[in-house]
Amino acid sequence: MNIILFGPPGAGKGTQAVLIQKHFDLPHLSTGEMFRTAIRNKTSLGLEVKSIMDSGELVPDEKVVALVDEELKKEKYADGAIFDGFPRTVAQAVSFDTLLSEKGTSVYSVIALQVPEEELIRRILSRGEGRSDDTEEAIRNRLGVYHRETAPVLAHYQQKQLVHQVDGTGSVETIFERIREQLEDN
Ligand code: AMP
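The model shown is predicted, which means the values in this text are computed figures rather than measured ones. (Residues numbered from 1 in each chain as written. Predicted model: local features only at pLDDT ≥ 70, side-chain atom pairs only at ≥ 80, totals over all residues. Heavy atoms only, no water.)

A.B. asks: Any chance you could explain the site of the ligand here in plain terms?
C.D. replies: Within the structure, the ligand sits among 15 residues, and Thr31, Arg36, Glu57, Gly85 and Gln92 are positioned closest to it. In this structure, Arg36 approaches the ligand through a side-chain N or O atom, which is 2.9 Å from an oxygen atom. Taking Gly85, its main chain carries an N or O atom lying 2.9 Å from a nitrogen atom of the ligand. For the ligand, whose free accessible area comes to 470 Å², the fraction covered by protein is 96%. Among the cavities detected, the one that contains the ligand is the largest pocket. When residues in the shell around the ligand are grouped by element, the largest group, 4 residues, is from helix H2 (residues 31-40). (Near = heavy atom within 4 Å. Polar contact = N/O pair within 3.5 Å; in protein donor to acceptor, adjacent residues only side chain to side chain. Areas by Shrake-Rupley, 256 points an atom, 1.4 Å probe, with all protein chains shown as cover. 1 Å grid on protein atoms, 1.4 Å probe; cavity = no way out; pocket = protein on both sides within 12 Å on 5 of 7 lines; lining within 4 Å. Sits in = over half its atoms within 2 Å of the grid points. Helix = DSSP H or I, 4+ residues; strand = E, 2+ residues; numbered from the N terminus.)

A.B. asks: What am I meant to see in helix H4 (residues 61-71) here?
C.D. replies: Along an α-helix, residues three or four positions apart point the same way, because every turn accommodates 3.6 residues. Among the residues making up H4, those that are buried are Val64, Val65, Leu67, Val68 and Glu71. Across the axial projection of H4, the buried residues extend over an arc of 160°, all falling on one side. Summarising the geometry of H4, the exposed residues directed more than 90 degrees from the buried face are Glu62 and Glu70. The secondary structure elements touched by the buried residues of H4 are strand S2 (28-30), H2, helix H3 (44-55), strand S3 (81-84) and helix H5 (90-102). (Buried < 20%, exposed > 50% of the residue type's maximum accessible area, 1.4 Å probe, protein only. Arc of directions from axis to C-beta. Contact = heavy atoms within 4.5 Å.)

A.B. asks: Would you take a moment to explain the sheet that holds S3 for this structure?
C.D. replies: In a beta sheet, neighbouring strands pair by backbone hydrogen bonds and run either parallel or antiparallel. If you trace the 5 strands from one edge of the open sheet to the other, you get S2-S3-S1-S4-S5, paired in parallel fashion. The two strands at the open ends of the sheet, each matched to only one other strand, are S2 and strand S5 (163-167). For this sheet, the mean inter-axis angle between neighbouring strands, taken without regard to orientation, is 25°. As defined by bridge partners, strand S1 (residues 2-6) adjoins S3 across 4 bridges and the pair is classed as parallel. (Pairing = 2+ DSSP bridges. Axes fitted to C-alpha atoms, helices over the stretch in contact; angles between N-to-C directions.)

A.B. asks: Can you walk me through the environment of Phe6 in this structure?
C.D. replies: Among the structural elements, Phe6 can be located in strand S1. For Phe6, a relative accessible area of 4% gives the class buried. With residues up to four places along the chain from it excluded, the contact list for Phe6 reads Lys13, Pro87, Val110, Ile111, Ala112, Leu113, Tyr146, Thr150, Ala151, Val153 and Leu154.

A.B. asks: It is not clear to me how the packing of aromatic side chains should be interpreted in this structure. Could you clarify?
C.D. replies: Centre distance and the angle of the planes are the two values used to describe a pair of aromatic rings. Inspection of every chain in the model, using the stated rule, returns 4 aromatic pairs. Ring geometry for Phe6 against Tyr146: centres 6.1 Å apart, planes inclined by 50°, an arrangement best described as tilted. Placement of the pair is Phe6 in strand S1 and Tyr146 in helix H7 (residues 136-150), with a sequence separation of 140 residues. With a relative accessible area of 11%, Tyr146 lands in the buried category. Aromatic pair Phe83 and Phe86: ring centres 6.5 Å apart, planes at 50°, arrangement tilted. Judged by relative accessible area, which is 0%, Phe83 ranks as buried. On the accessibility criterion, Phe86 (1% relative accessible area) is buried. Taken together, the ring pairs in this structure connect Phe83, Phe86 and Phe96 into an aromatic cluster. (Phe/Tyr/Trp six-rings, centres within 6.5 Å; stacked < 30°, edge-to-face > 60°.)

A.B. asks: Just checking my understanding: could you explain unusual backbone geometry for this structure?
C.D. replies: For residues besides glycine, phi is generally negative; the peptide bonds are generally trans as well. The omega torsion across Phe86 and Pro87 is -5°, close enough to zero to call that bond cis. Following the sequence through the fold, Pro87 ends up in the loop between S3 and H5. Phi at Gln161 is positive, roughly 55°, even though this residue is not glycine. Looking at where Gln161 falls in the secondary structure, it is placed in the loop between helix H8 (152-158) and S5. Gln161 sits in the exposed class, given a relative accessible area of 71%.

Right, here's the structure in full:
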């Protein structure tokens, strides 16, 4: 089961991915986390993407898709995964669909978390994870990039009738219940 957790920065994708992972026993694949690990480990990929991430821009599609392609070869993803922060452009979504179909699988559901913009900024500024891209300037840029480049991904999956809008406000548990119902009803 391949689930895409979709939404703007601060929508709670990472938090919900952990709960979905536990409940549905699926591995969590976060491209942002993979890049942060690469930066921490000072790999060549990490050095290449550090300044892009700090500014809130997107890492080029080819690099992201190559990273996901490589990662998905691991046995733990044999039954699918929860994709958090990927795909983030229509080009990534198209490549992703091809990549999955070559493996004889496809996207099962896109859970799109809905959170008002003021709430997003408040959440990011208060989450205090110490991320170097959690400055007010980078956050505004990330939201702009989201509207410009990532939001169109939703239309791509809407055409395939895979999108389920979920209210992303309220407690972490309440939001998870909404997602669980959506996935179990599907
Ligand atoms: P995230 O942890 O998902 O908020 O991602 C943090 C940052 O990593 C983003 O602002 C981008 O710079 C980069 N990144 C993560 N996933 C992607 C992706 N699918 N495409 C391009 N850049 C990404």
